[in-house]
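# Observations on the three-dimensional arrangement
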Amino acid sequence: MYKQLRSIKVVLTLVLLMAISPSGFHAQSISASPEIRLGEAETPLGDAESYAKAMGVSIEEALYRFHIQDVGGELDAKLSENEAETFAGIWVEHTPKFRIVVQFTQDADQKIKPYITEELADILDVRTASVSLVDLQNAQKEIIYSLADLKIPVESEINIYDNNIKLFIAEIDRGRFDDELQSGALQIPDYAEVITVPELGKVESNIYGGLPLSECNTAFSVQHSQGTRGVTTAAHCSDDNTLLSYNGTILPIAGRLKIGSYDVEWHITPGFTVTNEFKAGNTDIRRATATKSRTDQLVGSYVCKYGVFSEYTCGCISSKNVSGNVPSSNATFIRVNNTCGYSDLSLPGDSGGPWFNGETAYGIHHAAAPDDSNDAIYMAINYVDGLSVSVVLAPIFADVPWDYWAWQDIERLYNSGITAGCSTNPLNYCPASTLTRAQMAVFLLRGIHGAAYSPPPVGSSTGFNDVPVSYWAAAWVKQFAAEGITSGCSYTPPLYCPEGITTHAQMAVFLLRSKYGAAYFPPPVGGSTGFYDVPITHWAAPWIKQLAAEGISSGCGGGYFCPESSVTRAQMAGLFVRTFNLP
Amino acid sequence: MWKHILSIIILLLVTACTDQYTSTPTSSNQATSTPASRSSLVAHFPQQINTPSAYNEALVQGELVLINGCLRVNSVNGYSILLIWRPGFSTRTEQGTVQIIDGTGKVTASVGDFVAVGGGFDDDPTWLGLTESLQEECPGPYYIVGETIKKIDRP
């Protein structure tokens, strides 16, 4: 009987799914049932196909198993609530046999009896375990608190298969963990397994477009003309009395425009790294590489959007002269109709989200149309310039991706005109290359005099035997010496060593002289430099100490400065930004 | 026969005694300048005079409450937000509960319900043209109700 019912259910599901699958999609039939959206409907069938292929079963069987998964989930909730004392977990196994496994600490067969339904009867595997789920959870909590008190970072999970707690401790902390265990300051039950890992997982700290805000979505990442980065959303997503937040973190507002052609605000994002990514689908993260202004957007064009509620849907631009819901509207908003394959282009909660095509930013979600709430209206992306911001596009340098540790400093250097990189096609910065003394002369003179600075013509000599007047940086080297910041690497013969490395100790001197002038000398070093590897007798000790005192360098880590190691171009970027306070 | 007549009379009496407004369905696309009928418990019901040119799609979720005679949402994000209604909405009291009626005459939510409200914030919504001025006892933040307000499950 159940099998028959099951078959009917499966057939009905298949018919429904096929009816709303892309090949059988009709806008009219979908719009008649607003609860069904294409994006949702595509997934189950696709997933069932993929499951069937992976497990070597039919799609019908796959859909049946998905159904049983749901039933198992409901049983999990019931057992957690009603049998907390003895319930020790439930899971589904796909191979070698599809079944639901459920565990109790005692009287397993008796405990499960009231919950056995016809559809579960043949596939339930009931087992006995030592520790209840609740006891595992309580122990896990206690361990986490104890380790927090001891300031030992930990990640943990309850593993119901093994009926234990797994504790992940970073290699660097394992010694301290063992010490605390031995001293008795830390106690863990024997059902906790300690696993040493190279490092703990990193918390996702990037922010970008298409992410959920408290009432709306982010659209695209932007950068202010002065260099600060943040994210945009629609101006009607907050007001002077409300604050927007992302993942519980308040994003302070940096500017808002809600008038004429504008419905946009932007927020700074303390603690987050702003990237040029934007969410185009639940698992589709893209990088914005271009923007299309309103004047370049063609009526009839196919454009897509992402919103937390209606998710990824697309439509065709039907008008570029729509009145927005803003005071003194200039009728420059863009309407997208739902006749290009998706029924629902706008739902409450979608405001502020990104409109795009491929990796090109088109606009920021503004509203649903009043005469057809399935149609959407957006503000063209070029209007973000009203806030003196521009969309953050691809990383500037091909060899300095967003996750490179010094990318912000390097891009600041580029945006300030201090560097154009080390190659043009592709545009590279060569961050790991050692900074030569010639390059340093160029960097520092630009820092002193501004990005547009050019040194005087080199004339007939640079003053250094190893720097011919034909050398690419001849004029810079000569001027660098003329300003008294360096006298070269040798007096007799006079040499500059233009291709030589710059050490961190030398850099301390160069940076401070560049900042304060050639006559500058730092305060006496006193009893300590603050670095293990820089004795007070080191020739650059007062310079190094002063550099640290000004927050320009904190050394190479662990209390060391590494005075004799060479400076890379990436390190130079950070030192430069901090010395000259680049925005 | 008498039973039927008696039933009709009782029904008429009950109807007359309730504070019920029988709304005339108004198309949401149609502008209206007629102030909406409202429950006697709702002292202020600021409403746009004209149908908006677009419905903003921010989303506020929280409990619909009546404070100082004003309909507000105590949002899950910790704000008490004053709702500004679009044409077509009205209110009525049914068994002591204030109900929100949309332009089609349907009850969309009641005071005490947990609701999801589409729309958008505005520091000064007077530019929209309102049926009544904003009252001191009903301060902002102001939120212009957009496409929908509907009852949802409490989180």
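My aim in this report is to walk through the structure given alongside it, one point at a time. (Residues numbered from 1 in each chain as written. Chains lettered and ligands numbered in written order. Predicted model: local features only at pLDDT ≥ 70, side-chain atom pairs only at ≥ 80, totals over all residues. Heavy atoms only, no water.)

### What about the overall build of chain B?
To keep it simple, the criterion reads: Helix and strand assignments follow DSSP, with helices taken as H or I runs no shorter than four residues and strands as E runs no shorter than two, numbered in order from the N terminus. Think of it in three bands: residues with accessible area under 20% of the maximum for their type are buried, residues over 50% are exposed, and the middle band is partly exposed, with areas taken using a 1.4 Å probe on protein chains only.
Across its full length, chain B carries one helix and nine strands. Taken from N to C terminus, the helices and strands of chain B fall in the order α-β-β-β-β-β-β-β-β-β. Looking at the 155 residues of chain B, the share that counts as buried comes to 48%.

### Some details on the interface of chain B and chain A
Applicable threshold: Residue contacts are defined here by distance: any two heavy atoms, one from each residue, within 4.5 Å place the two residues in contact. As a working definition, buried area equals the accessible area (1.4 Å probe) given up by two parts on being put together, with both sides summed. The salt bridge criterion pairs a side-chain nitrogen of Lys or Arg with a carboxyl oxygen of Asp or Glu, the two atoms within 4 Å. Polar contact is the term for a pair of N or O atoms within 3.5 Å; when the atoms are in protein, one must be able to donate a hydrogen and the other to accept it, and sequence-neighboring residues count only if both atoms are side-chain atoms. Gly is placed with the polar residues, together with every amino acid not listed as nonpolar (Ala, Val, Leu, Ile, Met, Phe, Trp, Tyr, Cys and Pro) or charged (Asp, Glu, Lys and Arg). Only strands joined by at least two bridges in the DSSP assignment are considered to pair.
Across the contact, 25 residues belong to chain B and 35 residues belong to chain A. Both sides of the chain B and chain A interface together cover about 2400 Å² of buried area, and 51% of this is carbon and sulfur. Ionic pairing is found between D122(B) and K258(A), a salt bridge with its closest N-O pair at 2.7 Å. Our count for the chain B to chain A interface comes out at 20 residue pairs in polar contact (both at pLDDT 80 or more). If you list the elements that add at least two residues to the side of chain B that touches chain A, you get β1 (55-56), β2 (58-67), β8 (114-122) and β9 (142-151) of chain B. Ranked by residue count, the leading element in the side of chain B that touches chain A is β8(B), at five residues. Taken together, the residues of the side of chain B that touches chain A break down into 12 nonpolar, nine polar and four charged. Judged from the two bridges that link them, strand β21 (residues 360-368) of chain A and β1(B) form a sheet pairing that is antiparallel. Across the sheet, A368(A) pairs through a bridge with Y55(B), a residue of β1(B).

### Brief notes about the sheet that holds strand β5 (residues 90-94) of chain B
All names here are of chain B. Filter applied, for reference: Think of each axis as a best-fit line through the C-alpha atoms, taken over the contacting stretch in the case of a helix, with angles from 0 to 180 degrees between the N-to-C directions.
Strand order in this open sheet of three strands is β5-β6-β7, and the pairing throughout is antiparallel. Edge positions in the open sheet fall to β5 and β7 (107-110), since each of these has one partner strand only. Pairs of neighbouring strands in the sheet enclose a mean axial angle of 35 degrees, with direction left out of account.

### Topic: the side chain of T108(B)
All names here are of chain B. Mapped onto the elements, T108 comes out in strand β7. Under the relative-accessibility criterion, T108 is labelled buried at 16%. If we skip the residues at most four places from it in the chain, T108 touches F89, I100, D102, I149, K150 and K151.

### Things to note about the packing of helix α12 (residues 504-516) of chain A against helix α14 (residues 569-579) of chain A
Residue and element names in this part refer to chain A. How we decide: We call two directions roughly parallel when the angle between them is under 35 degrees, roughly antiparallel when it is over 145, roughly perpendicular when it lies between 65 and 115, and oblique otherwise. Should the near helix be turned anticlockwise from the far one by less than a right angle, the crossing is left-handed, and should it be turned clockwise, the crossing is right-handed.
α14 packs onto α12 with a crossing angle of 30 degrees between their chain directions and a minimal axis gap of 11 Å. Here α12 is positioned roughly parallel relative to α14, judged by the angle of their axes. Here α12 and α14 pass one another in a crossing that is right-handed. For the pair α12 and α14, contact is made by H504, M507, L511 and K515 and by Q571, M572, L575 and T579, respectively. Across the contact of α12 with α14, the residue classes tally to four nonpolar, three polar and one charged.

### Here's the deal with unusual backbone geometry
At the junction of T492(A) and P493(A), the peptide bond is cis and its omega measures out at -10 degrees in the coordinates. Counting through the fold element by element, P493(A) comes out in the loop between α11 (474-482) and α12. Following G140(B), the chain continues into P141(B) via a peptide bond in cis, with omega recorded as 5 degrees. Positionally, P141(B) belongs in the loop between β8 and β9. Even without a glycine there, the phi angle at N247(A) is positive, about 55 degrees. You will see that C562(A), though not glycine, has its phi angle at about 55 degrees, which is positive. Judged by relative accessible area, C562(A) falls into the partly exposed class, the value being 28%.

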